[in-house]
There are 4 protein chains.
Amino acid sequence: MSYNTFGHLFRVTTWGESHGPALGATVDGCPPNVEITPEMIQHWMEARKPGQNKNTTQRREPDLVKIMSGVFEGKSTGTPIQLMIENTDQRSKDYGDIVEKFRPGHADYTYWTKYGIRDYRGGGRSSARETASRVAAGGVARAAINTLAQGVSIRGYMVQMGDKKIDRSRFDWDQIAQNDFWCPDAQMAAEWEDYLTWLRTKDHNSVGAVIEVVASGVPAGLGAPVYGKLDTDLAAAMMSINAVKGVEIGDGMAAAALTGRDNADEMSMGPNGLEFSSNHAGGILGGISTGQDLVVRFAVKPTSSILSTRQTITKAGEPAEIITKGRHDPCVGIRAVPVGEAMMACVVLDHMLMHRGQVGENQGSIG
Amino acid sequence: MSYNTFGHLFRVTTWGESHGPALGATVDGCPPNVEITPEMIQHWMEARKPGQNKNTTQRREPDLVKIMSGVFEGKSTGTPIQLMIENTDQRSKDYGDIVEKFRPGHADYTYWTKYGIRDYRGGGRSSARETASRVAAGGVARAAINTLAQGVSIRGYMVQMGDKKIDRSRFDWDQIAQNDFWCPDAQMAAEWEDYLTWLRTKDHNSVGAVIEVVASGVPAGLGAPVYGKLDTDLAAAMMSINAVKGVEIGDGMAAAALTGRDNADEMSMGPNGLEFSSNHAGGILGGISTGQDLVVRFAVKPTSSILSTRQTITKAGEPAEIITKGRHDPCVGIRAVPVGEAMMACVVLDHMLMHRGQVGENQGSIG
Amino acid sequence: MSYNTFGHLFRVTTWGESHGPALGATVDGCPPNVEITPEMIQHWMEARKPGQNKNTTQRREPDLVKIMSGVFEGKSTGTPIQLMIENTDQRSKDYGDIVEKFRPGHADYTYWTKYGIRDYRGGGRSSARETASRVAAGGVARAAINTLAQGVSIRGYMVQMGDKKIDRSRFDWDQIAQNDFWCPDAQMAAEWEDYLTWLRTKDHNSVGAVIEVVASGVPAGLGAPVYGKLDTDLAAAMMSINAVKGVEIGDGMAAAALTGRDNADEMSMGPNGLEFSSNHAGGILGGISTGQDLVVRFAVKPTSSILSTRQTITKAGEPAEIITKGRHDPCVGIRAVPVGEAMMACVVLDHMLMHRGQVGENQGSIG
Amino acid sequence: MSYNTFGHLFRVTTWGESHGPALGATVDGCPPNVEITPEMIQHWMEARKPGQNKNTTQRREPDLVKIMSGVFEGKSTGTPIQLMIENTDQRSKDYGDIVEKFRPGHADYTYWTKYGIRDYRGGGRSSARETASRVAAGGVARAAINTLAQGVSIRGYMVQMGDKKIDRSRFDWDQIAQNDFWCPDAQMAAEWEDYLTWLRTKDHNSVGAVIEVVASGVPAGLGAPVYGKLDTDLAAAMMSINAVKGVEIGDGMAAAALTGRDNADEMSMGPNGLEFSSNHAGGILGGISTGQDLVVRFAVKPTSSILSTRQTITKAGEPAEIITKGRHDPCVGIRAVPVGEAMMACVVLDHMLMHRGQVGENQGSIG
């Protein structure tokens with residue numbers, strides 16, 4: 001990862017600001033002859049699109065992706081794919097207050113200090129709007145993965161909002177698309193709905209969340225130790241998403257509380273080959289995929305732009321109070337779900353290509 | 001990060017296996033004229049060195065670092081610094097059993113699957129012994145940081161072993177060097193001592209841990225959004241350490257439970273300039289350092305090599321039981337403390353150089 | 001350099017095809033607060049623009065550059081600058097013949113073999129039209145260089161067309177802008193004019209050229225041995241330009257014929273400091289700039305698309321004859337002059353940033 | 001290429017100075033299960049080894065390569081291969097004069113200016129001794145190439161010393177190993193012998209050379225446009241070799257003098273598939289290999305360390321005369337032959353892996 005590019009062989013460079021004319025992703029290294037249509041990309045954009053319900057920002061963006069290069073007659077040519085998304089619903093006047101004051105907990109202050117200039121409209125480059133580019137790139141990655149391996153699925157969902165966690169015994173994949181929160185637990189989804197409505201309309205506040213992304217069907221052998229480990233790249237990918245403060249693989253932080261005996265994912269031979277008794281490891285050992293589900297979780301902090309008063313200072317160094325108007329997500333974690341999926345897709349594809357490059361096909365076998 | 005190299009401008013490539021003749025780090029991009037002596041590097045090696053007390057592996061390695069290049073008359077020349085550590089206390093016969101069987105929760109299986117060959121002696125390249133190279137490189141990074149900024153300190157400590165967490169109200173910096181666990185809470189250190197003794201001698205088990213690393217005095221402005229964020233690189237750096245399963249910045253996973261009002265680190269002007277009311281952000285906003293303490297935590301899973309029986313398979317696909325003899329750390333997290341410090345040092349230096357490269361000095365100021 | 005990106009800290013990724021909707025450059029790592037206007041970029045685009053006179057392709061493109069991101073209120077923000085150039089004068093029907101036949105000496109065959117798909121219209125990604133993106137990026141680089149150093153000038157010109165070389169005794173900087181060939185020798189410019197007219201209208205042929213690019217005022221100390229040498233990066237930058245087959249620094253290939261005594265650029269102290277008796281080295285010793293003029297030359301082969309018949313094969317493996325219609329440059333070297341300048345600007349800026357990153361300011365001084 | 005590392009997937013980082021304890025190469029990304037023995041590496045080292053005859057430096061170095069990691073039971077493991085060469089015949093006292101004076105045409109001045117410190121003994125890091133590491137790495141690359149493709153051969157030879165060029169009509173592959181100059185023209189070899197003896201013993205001078213390296217049997221399809229072109233990387237690789245001032249692919253600079261009709265390598269179908277009527281392109285079109293011989297040439301300037309007096313200055317800025325004693329190559333181009341071969345091998349392997357990573361196998365076919 002370097003400035004605005006991530007990936008080794010499948011390299012994504014995103015560009016653009018919240019209130020500029022457009023933003024996008026320059027996607028390099030996609031294998032040739034992958035079927036890619038605007039509709040395929042758009043499918044994933046719809047999931048992240050703002051303004052779809054009252055629980056997210058009310059900015060209305062169609063988020064239409066234009067494929068500007070790299071695709072010819074519906075297939076990738078192996079050359080850079082430029083994906084562009086025009087901004088259409090900017091309201092820059094909402095941000096007058098932020099020109100001179102810093103939002104606590106926001107990148108306002110650090111961008112100003114470092115660069116001495118920033119596009120303050122909607123956060124400029126630091127806006128979560130940048131993640132639209134990631135989702136578009138993730139659409140390309142998913143298409144390419146499908147040409148390289150059968151049956152890979154990448155699915156994200158929310159497992160916690162504020163201190164309210166889902167009950168895993170009620171986990172239902174089919175529920176995820178049934179509510180505004182990508183929540184696999186219908187009962188908790190209803191609870192979140194009430195909580196967020198109160199938070200948004202009465203408390204003028206925002207709240208954090210935890211997202212989990214699972215990739216199933218990923219072949220064993222992906223990952224390049226020691227510093228190009230699959231989990232290293234996943235951690236970087238997720239931590240690079242706006243507002244993320246923690247990343248976990250498998251049992252994550254809870255692994256600290258386990259003993260070696262409990263943590264061992266025991267191995268045996270089943271009817272379809274190797275089986276594991278559990279997946280504490282989240283599908284990665286020594287930085288290389290085991291063939292089990294890849295399980296990644298990340299915590300998104302609450303939106304710093306809130307309608308409540310906070311103490312801050314101005315650029316002139318004067319004390320000030322700030323209330324942030326504008327159209328902000330009360331729980332930005334919700335829209336981070338498709339972003340996490342996109343980052344997972346990009347990392348998995350990148351490691352498929354890296355693995356094929358160095359090793360070709362897996363060299364070791366069982367039995 | 002790519003294969004065995006990390007860093008952008010300060011680039012560290014580590015090499016070597018647990019039971020080969022030597023291992024080391026090729027350190028590229030160090031600024032010139034930094035005073036570097038073997039003693040300075042050795043100082044940090046002593047902290048990680050195995051066999052120092054009964055709570056870590058009994059392998060005895062002097063871990064003497066030889067500076068093979070890049071330093072002339074006691075100063076860095078700006079060319080690659082090769083740091084070599086010879087292995088002296090290998091006992092490869094301990095590993096006969098692992099040639100054919102896979103340790104559950106260990107990289108044995110994934111290395112075999114991917115590469116079809118592995119140096120099984122002591123884990124080969126997947127061994128935590130690789131981290132000795134990181135500590136050596138970290139020694140160079142610390143020396144260089146001191147020439148670029150005044151008063152940066154980087155200190156790590158253990159905050160949790162198994163489910164036993166320190167009591168932050170008893171936090172005492174001076175305690176850290178007083179026990180075998182880098183524990184800032186004397187009372188908890190005593191408790192860990194008893195627990196680990198029992199685990200090691202009676203339960204034949206191992207346990208996980210949580211490490212926290214704090215960098216104080218780091219200037220504001222470091223970090224290169226969007227994919228070269230300071231926290232992105234820290235997450236990658238820590239996740240690349242053996243056995244790490246989770247990484248947190250500031251409040252980390254707990255940030256999910258906060259509201260925007262609580263999470264705001266409010267800003268004011270104090271006698272020495274900008275002050276923050278809190279540090280939920282762990283010193284990083286929008287991927288750029290705020291000038292507050294950088295706070296990173298990571299969870300280390302329990303050692304998978306234990307003296308208890310676990311179910312596994314052989315390379316031939318036959319079911320088997322495995323007990324791992326040899327000399328293993330009952331809590332490998334202990335020795336991860338200096339490793340985490342070293343990774344923090346490398347990342348901070350790298351971003352100092354990156355920042356100077358693109359921006360020179362911070363462009364914005366308050367007041 | 002990697003796929004479609006070049007540079008270390010100042011990184012340029014180009015995208016787009018000859019006959020797609022647009023092409024452009026994603027420019028990352030530009031220092032903040034550099035004054036950048038569309039007019040500044042456009043100034044350099046005009047030089048490379050096709051269709052300006054009868055000696056270049058008759059395709060008419062305004063080559064208007066749109067700045068899509070990274071510039072706010074006329075200044076760079078330190079975030080990615082997206083430069084987009086819309087294609088307006090495609091005539092894809094001209095290329096019907098190339099769908100099935102390979103032009104000898106062209107990338108047609110290799111792109112087909114590697115990728116199994118290619119945008120045959122106008123050469124697709126392999127078209128020299130890609131170099132428009134480089135010139136746009138070079139405009140940004142020039143603007144940034146001016147903020148970092150005083151008095152750097154980067155100027156290119158043609159020194160050879162076919163076997164007709166300029167007479168260096170007639171070299172006149174002011175002539176360069178006075179003819180269609182960037183020729184510093186007025187007499188030779190007239191000769192080239194006649195020759196090219198004949199070649200184009202009577203001989204239905206094309207011809208090669210040699211371009212020289214000189215950067216004056218570049219500070220000493222730029223370049224990062226051993227594999228990031230300034231000349232290494234310049235060689236790569238120039239060789240990456242379409243149709244380039246050779247690159248020389250200073251005396252270049254002719255250095256082979258010199259003895260050590262002749263080749264020594266002797267040193268002395270003049271009224272303004274260090275002076276050299278000559279510049280065989282082209283301003284680079286050991287990969288690091290000396291402060292003398294940087295002198296780079298490159299040879300451009302003749303355009304492979306010609307109106308004369310050549311023997312070739314079809315995709316089906318059948319023998320065939322080919323004559324390439326369409327609008328092609330009879331001497332593509334002419335329009336390579338501003339491209340060479342742009343690459344020089346990008347490399348010099350990149351090394352300014354790299355140098356500042358690792359070293360800060362030059363550490364050694366004379367006297 | 002970045003500082004001391006080159007390559008994309010097959011990455012070589014060299015380290016060490018002329019008069020330090022050792023130098024070497026950290027080779028990362030080698031495919032697993034490649035047979036590698038010290039003898040295989042040593043075979044190539046012998047070719048570059050100094051002191052073998054009176055026409056090269058009289059420094060005697062056995063140049064024994066130790067494999068420190070990454071090879072287990074005679075095969076590569078896919079992890080970093082550390083190759084170390086101990087220096088044994090340093091005579092640092094020879095360099096007393098260079099501490100204070102700069103050799104004209106040498107990196108002395110630029111290293112001092114940039115870094116303010118340098119290991120002046122034997123040129124330190126700027127010494128051609130660094131190229132021993134490249135040859136060792138090239139040995140690994142050759143071994144890996146052999147596992148990926150049948151019948152690839154990489155052979156270099158000298159085609160010019162001073163202004164004396166070989167006669168291509170007398171070209172004889174078998175002659176190359178029969179003289180001290182890797183000269184394929186026996187008559188010219190004799191002439192060079194006389195000339196170099198006179199230059200060395202009477203004229204106290206040195207001379208430049210041109211080397212040509214040919215890779216046969218390289219598959220079509222290698223190379224990653226636009227900035228990872230095969231010729232771009234070859235140009236960078238060769239230009240990074242000490243004292244190289246020019247690089248040519250195929251016809252190189254002479255391509256400028258050709259017309260499009262002459263330059264066309266016409267295509268036809270022969271009994272074994274595609275045939276070309278000529279190879280002006282040097283086996284590369286659009287940055288991608290055609291399957292023909294890869295032909296690269298580079299010019300090496302004369303050694304700047306000569307026994308003749310040259311004017312220079314001291315670090316104090318005083319005028320001075322300099323005569324360089326010590327043991328220097330009168331024509332350093334001779335020993336550059338195996339270095340050029342090694343760089344060719346590294347680049348070809350790297351692109352084999354890159355190609356396999358992105359594309360797998362060639363996607364297009366004829367017929």
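Student: So what exactly am I meant to see when it comes to the packing of helix H3 (residues 131-148) of chain A against helix H7 (residues 333-358) of chain A here?
Tutor: The relative placement of two packed helices is expressed as an angle between their axes plus a distance between the axes. Residues and elements named next belong to chain A. Closest axis-to-axis distance for the H3/H7 pair is 7 Å, and the angle between their directions is 45°. The orientation of H3 with respect to H7, classified from their angle, is oblique. In this structure, H3 crosses over H7, and the sense of that crossing is left-handed. Every residue of H7 that contacts H3 at Thr131, Arg134, Val135, Ala137, Gly138, Ala141, Arg142, Ala144, Ile145 and Leu148 is listed here: Pro338, Val339, Glu341, Ala342, Met343, Ala345, Cys346, Val348, Leu349, Met352, Leu353 and Arg356. Residue composition of the contact of H3 with H7, grouped by class: 16 nonpolar, two polar and four charged.

Student: Quick question: what am I supposed to make of the interface of chain C and chain D here?
Tutor: A common way to express how large an interface is: the accessible area buried when the components associate. Taken together, the 114 residues of chain C in the interface contact 114 residues of chain D. Buried surface at the junction of chain C and chain D, both sides included, amounts to about 9,000 Å², of which 60% is carbon and sulfur. The largest per-residue losses of area from chain C upon contact with chain D belong to Lys114, Tyr227 and Arg261 of chain C, which jointly make up 11% of the total buried on that side. Across the contact surface, chain C and chain D share four salt bridges. Along the lines of polarity and charge, the residues of the side of chain C that touches chain D split into 53 nonpolar, 45 polar and 16 charged.

Student: Can you walk me through the interface of chain A and chain D in this structure?
Tutor: Counting from both sides, the interface comprises 15 residues of chain A and, opposite them, 15 residues of chain D. Together, the buried faces of chain A and chain D total about 1,200 Å²; carbon and sulfur atoms form 52% of this surface. For the chain A face of the interface with chain D, the top three residues by lost area are Arg356, Gly357 and Gln358 of chain A, together amounting to 44%. Joining chain A to chain D, the criterion identifies zero salt bridges. Of the residues contributing to the side of chain A that touches chain D, the split by class is seven nonpolar, seven polar and one charged.

Student: Please clarify how unusual backbone geometry should be interpreted in this entry.
Tutor: Trans peptide bonds make up most of the peptide bonds, and negative phi angles are found at most residues other than glycine. Cis rather than trans, the peptide bond between Pro225 of chain C and Val226 of chain C has omega equal to 10°. Even without glycine at this site, His204 of chain A takes up a positive phi of about 50°. Mapped onto the fold, His204 of chain A is located in the loop between helix H4 (186-201) and strand E10 (209-216). Despite not being glycine, Ala243 of chain A has its phi angle at roughly 75°, a positive value. Within the secondary structure, Ala243 of chain A sits in the loop between helix H5 (230-239) and strand E11 (244-249).

Student: In this structure, what is going on with the sheet that holds strand E4 (residues 65-69) of chain B? I would like to understand it.
Tutor: In sheet architecture, strand pairing relies on hydrogen bonds along the backbone and comes in two forms, parallel and antiparallel. Residues and elements named next belong to chain B. Reading across the sheet, the five strands line up as E1-E2-E3-E7-E4 and stay open at both edges, with antiparallel pairing between neighbours. What marks the edges here is a single partner per strand, and that holds for strand E1 (5-6) and E4. Here six bridges tie strand E3 (residues 22-28) to strand E7 (residues 81-86), and the two strands are oriented antiparallel to one another. Across the sheet, the residue bridging to Ala22 is Glu86, located in E7.

Student: Looking at this model, I keep getting lost on helix H1 (residues 38-48) of chain A. Mind explaining?
Tutor: Helical geometry: 3.6 residues make up each α-helical turn, so side chains three or four residues apart lie on a common side. Residue and element names in this part refer to chain A. Taken as a whole, H1 has its buried residues at Ile41, Gln42, Met45 and Arg48. Angular distribution of buried residues about the axis of H1 spans 105°; they occupy a single face of the element. Looking at H1, the residues exposed on the side facing more than 90 degrees away from the buried face are Glu39 and His43. Of the surrounding secondary structure, the elements contacted by the buried residues of H1 are strand E4 (65-67), strand E7 (81-86), H3 and H7.

Student: What exactly am I supposed to notice about the packing of aromatic side chains here?
Tutor: Between two aromatic rings, the relevant description is the distance of the centres plus the angle of the planes. Under the counting rule described, the total for this entry stands at 40 aromatic pairs over all chains. Ring centres of Tyr157 of chain A and Phe171 of chain A lie 5.0 Å apart, and the angle between their planes is 85°; on these two criteria the pair is classed as edge-to-face. Of this pair, Tyr157 of chain A sits in strand E8 (residues 153-161) while Phe171 of chain A sits in the loop between strand E9 (164-165) and H4, and the two are 14 residues apart along the sequence. Judged by relative accessible area, Tyr157 of chain A falls into the buried class, the value being 2%. Ring pairing ties together the aromatic residues Phe102 and Tyr109 of chain A together with Phe276 of chain B, which thus form one cluster. When the ring centre of Trp112 of chain A is taken as origin, the NZ or CZ atom of Lys315 of chain A, which lies over that ring, is 4.1 Å away. Sitting over the face of the ring of Tyr195 of chain C, Lys164 of chain C holds its NZ or CZ atom 5.0 Å from the ring centroid.

Student: Before we go on, may I ask you to explain the sheet that holds strand E2 (residues 11-16) of chain A in this structure?
Tutor: Residues and elements named next belong to chain A. With antiparallel pairing, the five strands of this open sheet are ordered in space as E1-E2-E3-E7-E4. Of all strands in the sheet, those with a lone pairing partner are strand E1 (5-6) and E4, marking the two edges. Bridge analysis of E4 against E7 gives three bridges, and the strand direction is antiparallel. Bridged to Ile67 within E7 is Leu83.

Student: I keep staring at the relation of the copies chain A and chain D and nothing clicks. Help me out?
Tutor: To go from the first copy of the chain to the second, apply a rotation about an axis and then a shift along the same axis. Rotating chain A by 180° about the axis while translating it 0.0 Å along that axis superimposes it on chain D, leaving an RMSD of 0.0 Å. Viewed as a symmetry operation, the transformation between the two copies matches a two-fold axis. If distances are taken from each C-alpha of chain A to the rotation axis, the shortest is found for Gly357 of chain A, at 1.9 Å. A high fraction, 100%, of the interface residues of chain A reappear at the interface in chain D, so the copies pair face to face through one surface.

Student: Help me understand helix H4 (residues 186-203) of chain D, please; the structure alone is not making it clear to me.
Tutor: In a regular helix each residue adds 1.5 Å, so 18 residues correspond to 26 Å; H4 of chain D covers 24 Å between its end C-alpha atoms and thus fits that length. Residues of H4 of chain D that are buried sit in contact with helix H6 (260-263) of chain C together with strand E8 (153-161), strand E9 (164-165) and helix H7 (333-358) of chain D. Where H4 of chain D begins, one side-chain oxygen reaches toward the backbone nitrogen of Gln187 of chain D, 3.1 Å away; that side chain belongs to Asp185 of chain D. At the exit of H4 of chain D stands His204 of chain D, carrying a positive phi of roughly 50°.

Thresholds applied
- Residues numbered from 1 in each chain as written.
- Chains lettered and ligands numbered in written order.
- Predicted model: local features only at pLDDT ≥ 70, side-chain atom pairs only at ≥ 80, totals over all residues.
- Heavy atoms only, no water.
- Axes fitted to C-alpha atoms, helices over the stretch in contact; angles between N-to-C directions.
- Helix = DSSP H or I, 4+ residues; strand = E, 2+ residues; numbered from the N terminus.
- Parallel < 35°, antiparallel > 145°, perpendicular 65-115°, else oblique.
- Left-handed = near helix turned anticlockwise from the far one by under 90°.
- Contact = heavy atoms within 4.5 Å.
- Nonpolar A, V, L, I, M, F, W, Y, C, P; charged D, E, K, R; others polar.
- Buried area = accessible area lost by both parts, 1.4 Å probe.
- Salt bridge = Lys/Arg side-chain N within 4 Å of Asp/Glu carboxyl O.
- Pairing = 2+ DSSP bridges.
- Buried < 20%, exposed > 50% of the residue type's maximum accessible area, 1.4 Å probe, protein only.
- Arc of directions from axis to C-beta.
- Phe/Tyr/Trp six-rings, centres within 6.5 Å; stacked < 30°, edge-to-face > 60°.
- Lys NZ or Arg CZ within 6 Å of the ring centre and 35° of its normal.
- Least-squares fit on C-alpha atoms with pLDDT ≥ 70 in both.
- Expected span 1.5 Å × (residues − 1).
- Polar contact = N/O pair within 3.5 Å; in protein donor to acceptor, adjacent residues only side chain to side chain.

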